[in-house]
Amino acid sequence: MAIETTYTAARDQLKALMDKVVDDREVVLVRRRQGGDVAMVAAEELEGLLETTRLLRSPRNATRLLKALERAQSDGLPRVRLVDLEAKLEA
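How each quantity is defined
- Counting of residues starts from 1 at the beginning of each chain's written sequence and follows it residue by residue.
- Totals for whole chains, interfaces and linings use every residue, but because this is a predicted model, local features are given only for residues with pLDDT of at least 70 and side-chain atom pairs only at 80 or more, for both listing and counting.
- Heavy atoms from the whole structure form the basis of all side-chain values; hydrogens and water molecules are not counted.
- Secondary structure follows DSSP: runs of H or I at least 4 residues long count as helices, runs of E at least 2 residues long count as strands, and numbering of each begins at the N terminus.
- Both definitions apply: the radius of gyration is a C-alpha atom measure, and the globule rule equals 2.2 Å times residues to the power 0.38.
- Burial here depends on accessible area, computed with a 1.4 Å probe over protein chains only, as a share of the maximum for the residue type. Under 20% is buried, over 50% is exposed, and the range in between is partly exposed.
- What makes two residues a contact is simply this: any of their non-hydrogen atoms within 4.5 Å.
- Among buried residues, the Ala, Val, Leu, Ile, Met, Phe, Trp, Tyr and Cys ones that are joined through side-chain atoms within 4.5 Å form a nonpolar core.
- Strand pairing is defined by DSSP finding a minimum of two bridges between the two strands.
- Axis definition: a line fit to C-alpha positions, over the contact stretch in the case of helices; interaxial angles, taken between N-to-C directions, run 0 to 180 degrees.

Participant: With reference to specific residues and values, describe the overall build of the protein chain.
Facilitator: For the protein chain, the count of helices and strands is 5 helices and 3 strands. Ordered by position in the sequence, the α and β elements of the protein chain form the string β-α-α-β-β-α-α-α. By the compact-globule yardstick of 12 Å for 91 residues, the protein chain is too spread out, its C-alpha radius of gyration being 20 Å. Overall, the C-alpha framework of the protein chain stretches about 55 × 30 × 25 Å when taken along its three principal axes. When the 91 residues of the protein chain are sorted by exposure, 12% land in the buried category. Put simply, of all contacts in the protein chain between residues at least 6 apart along the chain, 28% involve residues at least 24 apart.

What follows is the structure in structure tokens.
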């Protein structure tokens, strides 16, 4: 769940809030009286969300990715350790 704060409180605690966003991957929702609310998210998280959105934009690609996820989560595929997979890629 997002941390909610006011503009004034966010301004007073900006460094601490930014540290929490980056270190703990928390979302901070800054409520404002006028102009709409603002969410603070870590830049890496935002990049990941935007990339996911881009990949799922095409219905054909979304179907392919979701089927791959289902296969990966099923018991039908053998588990592979990351170090073994990295070694295969380097070969």
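Read on for the rest.
Participant: How would you explain the nonpolar core if you had to name every residue and give the values?
Facilitator: The tendency in soluble globular proteins is for nonpolar side chains to be buried as a group. Within the largest apolar cluster, 7 residues are counted, these being Ala10, Leu17, Val21, Val28, Val30, Met40 and Ala42. Apart from residues lying up to four places away in sequence, Ala10 is in contact with Thr5, Leu17 and Val30.

Participant: Break down the sheet that holds strand β3 (residues 38–40) for me, citing the residues and quoting the values.
Facilitator: In spatial order, the strands read β1-β2-β3; together these 3 strands make up an open sheet with mixed pairing. Of all the strands in the sheet, the pair left with one neighbour each is β1 (3–6) and β3. The average undirected angle you get between the axes of adjacent strands in this sheet is 25°. Direction of pairing for strand β2 (residues 28–31) relative to β3: antiparallel, over a ladder of 3 bridges. Considered in β3, the bridge of Val28 is made with Met40. Across the sheet, helix α2 (residues 14–24) lies against β1, β2 and β3, angled at about 60° from β3, the strand it touches most.

By themselves, these observations are geometric and do not establish any function.
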